[in-house]
Amino acid sequence: DYGEDLSCKVKNHTIIDGLGCDYGKCHFCIHPKIHPKFRLRDPQLIVDEVEHMIRKGIGYFTFTASDTPLPHAIRISEEILKRKLHIEFTLLTRGSRGAHTRKDYLVDSFRKIIRAGMRILYMGAECGNDDMLKDVINKNLTAGDIADTIDCIRRASDLERQKVYIITS
């Protein structure tokens, strides 16, 4: 809680929607050392916190799990939409393994998340070389999985007529 006087606060609030990473096997990853067990926070509690911050005048949120799994992001989005909240947020996620076989599902899922307020999505792509992704990084994704996931987000953004910035590292 920031107290009552928010005159000097940027109107952004960080939400912890999960601790650790649901994959947690990338060779460079520190998450298993810090949070050995991946834990997700209850979507209702997350949105309760969002509502509390809205009452304080905050309207932009950064979800900070290293990877918010798509089903969890959908549950959070459904709760936001159910409560008819008007917010904007940033989300961090991974590419979707086998995305080329699940494009309709991914587009529909990202449309819902965009309707709930997602405006920026961060995705750890690491590199575009499949051998590096597999043998050096152990990402459990291909460059095609990452590109197809980004394509689905772009398509969802176009269908919702809402700009979403996709930032990869």
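Before reading on, note that the structure itself is shown above.
Cut-offs used in this document
- Residues numbered from 1 in each chain as written.
- Predicted model: local features only at pLDDT ≥ 70, side-chain atom pairs only at ≥ 80, totals over all residues.
- Heavy atoms only, no water.
- Axes fitted to C-alpha atoms, helices over the stretch in contact; angles between N-to-C directions.
- Helix = DSSP H or I, 4+ residues; strand = E, 2+ residues; numbered from the N terminus.
- Parallel < 35°, antiparallel > 145°, perpendicular 65-115°, else oblique.
- Left-handed = near helix turned anticlockwise from the far one by under 90°.
- Contact = heavy atoms within 4.5 Å.
- Nonpolar A, V, L, I, M, F, W, Y, C, P; charged D, E, K, R; others polar.
- Phe/Tyr/Trp six-rings, centres within 6.5 Å; stacked < 30°, edge-to-face > 60°.
- Lys NZ or Arg CZ within 6 Å of the ring centre and 35° of its normal.
- Buried < 20%, exposed > 50% of the residue type's maximum accessible area, 1.4 Å probe, protein only.
- Core = buried A, V, L, I, M, F, W, Y, C linked by side-chain atoms within 4.5 Å.
- Pairing = 2+ DSSP bridges.
- Salt bridge = Lys/Arg side-chain N within 4 Å of Asp/Glu carboxyl O.

With that settled, consider the packing of helix H2 (residues 43–55) against helix H3 (residues 70–82). In the contact formed by H2 and H3, the axes pass within 9 Å of each other and the chain directions differ by 50°. As judged from the angle between their axes, H2 and H3 are oblique. Crossing of H2 against H3: the hand is right-handed. Facing H2, whose interface residues are Pro-43, Gln-44, Ile-46 and Val-47, H3 presents His-72, Arg-75, Ile-76, Glu-79, Ile-80 and Lys-82. Across the contact of H2 with H3, the residue classes break down as five nonpolar, two polar and three charged.

Attention shifts here to the packing of aromatic side chains. Using the criterion set out here, one finds one aromatic pair in the structure. Over the ring of Tyr-165 we find Lys-163, and its NZ or CZ is 5.2 Å from the ring centre.

The phi angle at Lys-84 is positive, at roughly 55°, despite the residue not being glycine. Positionally, Lys-84 belongs in the loop between H3 and strand S5 (88–93). Notably, Asn-140 is not glycine yet its phi reads approximately 65°, a positive angle. With respect to the helices, strands and loops of the structure, Asn-140 is situated in the loop between helix H5 (130–137) and helix H6 (143–160). Asn-140 sits in the partly exposed class, given a relative accessible area of 33%.

Attention now goes to the nonpolar core. The biggest cluster of nonpolar side chains holds 42 residues, and the ones touching the most others in it are Phe-61, Phe-89, Phe-110, Ile-113 and Met-118. Mapped by element, the contributors of at least two residues to this core are H2, strand S4 (60–63), H3, S5, helix H4 (103–116), strand S6 (118–123), H5 and H6. Looking at this core element by element, the count peaks at six residues for H4. In this structure, Phe-61 is in contact with Asn-12, His-13, Ile-15, Val-50, Met-53, Ile-54, Ile-87, Glu-88, Phe-89 and Thr-90, ignoring residues within four places of it in sequence.

The relative placement of two packed helices is expressed as an angle between their axes plus a distance between the axes. The N-to-C vectors of H4 and H6 enclose an angle of 50°; their axes lie 8 Å apart at closest approach. By the angle between their directions, the pair H4 and H6 is classed as oblique. Relative to H6, H4 is oriented so that their crossing is right-handed. Contacts between H4 and H6 involve Lys-103, Leu-106, Val-107, Phe-110, Arg-111, Ile-114 and Arg-115 from the former and Asp-148, Thr-149, Asp-151, Cys-152, Ile-153, Arg-155, Ala-156, Ser-157, Leu-159 and Glu-160 from the latter. Partitioning the contact of H4 with H6 into residue classes produces eight nonpolar, two polar and seven charged.

Because side chains alternate across strand S1 (residues 12–15), one face comprises the buried residues His-13 and Ile-15, and the other comprises Asn-12 and Thr-14, none of which is buried. Where S1 meets S4, four bridges bridge the pair, whose relative direction is parallel. Of the residues in S4, the one forming a bridge with Asn-12 is Tyr-60.

Moving on, we come to the pattern of salt bridges. A full pass over the atoms with the stated rule returns 15 salt bridges. A salt bridge links Arg-97 to Asp-145, with the shortest nitrogen-to-oxygen separation between them at 3.9 Å. Taken as a pair, Arg-97 in the loop between S5 and H4 and Asp-145 in helix H6 lie far apart in primary sequence, 48 residues in all. In the salt-bridge network here, residues are joined through shared partners; they are Asp-48, Glu-51, Glu-79, Lys-82 and Arg-83.

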